[in-house]
Amino acid sequence: MASAHVFDRLSAFLDDELDPVASGEVSQHLESCPDCSAALARQRELGENLRRDLEYHRAPDLLRARVMRDLRAAGRRDAVRSGPAAQAWRWLGAAAAVIAVGGGTWIVATLPRERPDAATAREAVSGHIRSLMANHLTDVASTDQHTVKPWFSGRLDFSPPVTDFAAANYPLVGGRLDYLQDRPVAALVYMHRMHVINVFVWPMSDAHEGIAPALTQRGFHVIHGTRAGMAYWVVSDLNAEELAAFAQLLAAPSGKP
Amino acid sequence: MTHEESRETTGPEPHLSPRERERFDECVLPYLDAAYNLARYLLRDGHQAEEAVQEAFLRAIRHFGGFRGADGRAWILSIVRNTCFTQLRRRRSGGAMVEFDEEAHSLEAELSAPEADLARAIASESVHEGLGRLAAEFREALVLRELEGLSYKEIAHVMGVPIGTVMSRLARARKQLLLALGAGAKESV
């Protein structure tokens with residue numbers, strides 16, 4: 001058999017995808033053809049390298065959460081159509097999850113295009129990254145909300161609500177000042193397992209409580225909510241569902257969930 | 001394919017009965033990782049891959065009633081790859097349909113290159129970089145074969161082509177990857 005003919009079949013021979021007759025012909029040819037044998041060896045080595053070196057990309061948590069949300073929505077068609085959340089979805093496009101709590105609505109979202117709040121989200125993520133990079137996570141390191149809250153009072157012209165959620169495994173670890181949206185803001189720092197959560201808080205003058213879009217940026221999840229005249233921006237690399245659970249605590253700190 | 005066709009945001013609200021949901025969880029959902037991995041290699045961008053996979057799963061939910069086969073993996077992967085190729089075509093040509101032409105994507109050098117020079121190929125350039133230089137259709141074939149371990153028949157099902165095409169595409173993909181890696185080696189000498 002001609003070498004060129006066999007050469008084209010080496011790949012399928014390697015994958016054991018030739019029919020027995022063709023496979024037999026190739027085997028026979030290989031015994032007498034060093035060039036084809038060498039080519040087969042290279043292809044085999046290439047396959048081993050691909051399987052060893054190529055990363056298998058597993059679906060990120062946020063994608064999984066979005067798909068699960070779509071599945072849940074598909075399971076309750078009527079609820080999706082008529083519920084207030086449905087309009088929010090249409091408005092938000094690719095938003096990921098809505099949790100309606102008490103007086104405010106909190107949204108975990110990932111949006112394909114720049115939104116008006118995207119700039120704020122970007123600033124919040126930058127603030128979060130800064131806090132991790134500069135070894136400057138807290139100005140006041142305390143797990144006691146009664147220490148952290150007064151610390152802010154001399155430094156800001158507003159008093160951010162400070163609550164420790166250690167009981168729910170989101171302990172407060174401290175606070176610091178940060179600068180977002182051209183103003184000083186309170187940054188509350190929480191931990192969940194090994195993940196740092198930054199909560200940026202400042203007053204919103206025209207705060208109508210309700211839906212405000214948020215973003216996923218640079219691998220960090222951002223949740224935005226408005227409650228009792230305060231804007232909250234929650235940033236972490238924690239997975240979306242646990243971060244949403246945390247946001248739920250923030251949204252109703254005194255209520256019993 | 002037109003812009004409107006490719007973006008399936010209209011149409012009936014996706015709905016699954018509890019029974020269908022159970023079947024979907026069993027036959028399709030386990031391949032979310034495989035779906036993302038394929039999209040990631042085709043689009044070469046994490047964010048776009050996430051969007052494509054979510055869109056593909058919405059389509060899958062919408063059309064699950066028409067799924068009668070046993071092979072949920074090939075089924076969802078074919079939806080994912082079609083979604084990705086729609087995006088790639090839009091990227092390549094601003095929306096116009098461009099058929100993949102295997103001949104046009106073959107390297108001139110492939111017949112004349114001294115194979116012996118390629119032997120030390122693999123060490124010098126990472127296979128990942130080499131793979132990134134191949135046409136998406138070739139990347140797809142290699143990912144499905146080497147990372148998913150699919151048979152030619154299953155790959156044919158995913159790509160919607162005859163088995164003979166899978167065979168020739170994989171052969172070309174491997175040759176081109178060896179060439180791409182070999183070229184890197186020679187440049188660095």
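Residue positions are counted from 1 within each chain, in the order its sequence is given. Ligands are numbered from 1 and chains lettered from A, in the order in which they are written. Reporting of local features is limited, given that this is a predicted model, to residues whose pLDDT is at least 70; pairs of side-chain atoms are given and counted only at 80 or more, and all residues count toward the totals for whole chains, interfaces and linings.

> A description of the overall build of chain A should follow, citing residues and the corresponding values.
Counting its regular elements, chain A contains ten helices and nine strands. Counting other C-beta atoms within 10 Å of a residue's own tells you its class, since 20 or more makes it buried, 12 or fewer makes it exposed, and anything in between is partly exposed; those C-beta atoms are placed from the backbone. A burial count over chain A gives 37% of its 257 residues as buried. We call two residues in contact whenever the C-beta atoms placed from their backbones are within 7 Å. In chain A, the share of contacts with a sequence separation of at least 24, taken over all contacts with a separation of at least 6, comes to 58%. To qualify as a helix, a DSSP run of H or I must reach at least 4 residues; to qualify as a strand, a run of E must reach at least 2; elements of each kind are numbered from the N terminus.

> Account for the packing of helix α5 (residues 61-75) of chain A against helix α4 (residues 46-62) of chain B, naming residues and giving values.
Between the N-to-C directions of two axes lies an angle of 0 to 180 degrees, each axis being a line fitted to C-alpha atoms and, for a helix, fitted only over the stretch in contact. Relative to each other, α5(A) and α4(B) sit at 20 degrees, their axes nearing to 10 Å. The pairing of α5(A) with α4(B) is recorded here as roughly parallel in orientation. Like other packed secondary-structure pairs, α5(A) and α4(B) cross with a definite hand, here right-handed. The residues of α4(B) that touch α5(A), namely those facing A:L63, A:R66, A:V67, A:D70, A:L71 and A:A74, are B:E50, B:V53, B:Q54, B:F57, B:L58 and B:I61. Considering only residue class, the contact of α5(A) with α4(B) consists of eight nonpolar, one polar and three charged. Note that the term roughly parallel is reserved for angles under 35 degrees, roughly antiparallel for angles over 145, roughly perpendicular for angles of 65 to 115, and oblique for everything else. Crossing handedness is read from the near helix: turned anticlockwise from the far helix by less than a right angle, it gives a left-handed crossing, and turned clockwise, a right-handed one. We call Asp, Glu, Lys and Arg charged. Ala, Val, Leu, Ile, Met, Phe, Trp, Tyr, Cys and Pro are nonpolar, and the rest, Gly among them, are polar.

> Account for the environment of A:R176, naming residues and giving values.
Residue and element names in this part refer to chain A. With respect to the helices and strands, the residue R176 is situated in strand β4 (residues 172-180). Judged by local crowding, R176 falls into the buried class, with 22 C-beta atoms found within 10 Å. Taking the C-alpha atoms as reference points, R176 and L188, separated by twelve residues in sequence, lie 6.7 Å from one another. Discounting chain neighbours no more than four positions away, the residues touching R176 are T138, D139 and A187.

> How would you sum up α4(B)? Please name residues and give values.
Here α4(B) spans 24 Å end to end across 17 residues, near enough to the 24 Å set by a 1.5 Å rise per residue. Buried residues of α4(B): B:A49, B:E50, B:E51, B:A52, B:V53, B:Q54, B:E55, B:A56, B:F57, B:L58, B:A60 and B:I61, and no others. Here the expected span of a helix is defined as 1.5 Å times the quantity of residues minus one.

> Provide a residue-level description of the confidence of the model for chain A, including the pertinent values.
For every residue, the predictor assigns a confidence score, pLDDT, that lies between 0 and 100. Chain-level pLDDT for chain A is 77 on average; 77% of the residues reach the 70-or-more range. In this model, residues 109-114 of chain A is a region of pLDDT below 50 whose contacts with residues beyond four sequence positions or in other chains number 19 contacts.

> I'd like to hear about the environment of A:A186, residue by residue, with values.
Residues and elements named next belong to chain A. Within the secondary structure, A186 is located in strand β5 (residues 183-192). Placed 24 residues apart in sequence, A186 and V162 show a C-alpha to C-alpha distance of 10.0 Å. Not counting the four nearest positions on each side in its chain, A186 is found in contact with F152, L156, P160, G175, V201 and W202.

> Could you give an account of unusual backbone geometry, naming the residues involved and the relevant values?
Residues and elements named next belong to chain A. Residue N169 is not a glycine yet carries a positive backbone phi of 70 degrees. When the 13 C-beta atoms within 10 Å are taken as the criterion, N169 is described as partly exposed. Phi at A228 is positive, roughly 50 degrees, even though this residue is not glycine. Positionally, A228 belongs in the loop between β8 (220-227) and β9 (230-236). Residue classification places A228 among the exposed positions, given that 12 C-beta atoms sit within 10 Å.

> I'd like a rundown of the interface of chain B and chain A, residues and numbers included.
In this assembly, 35 residues from chain B lie in contact with 35 residues from chain A. When residues of the side of chain B that touches chain A are traced back to their parent elements, those giving at least two are α3 (32-43), α4, α7 (127-132), α8 (136-147) and α10 (163-188) of chain B. The element best represented in the side of chain B that touches chain A is α4(B), accounting for seven residues. Counted by class, the side of chain B that touches chain A contains 20 nonpolar, five polar and ten charged residues.

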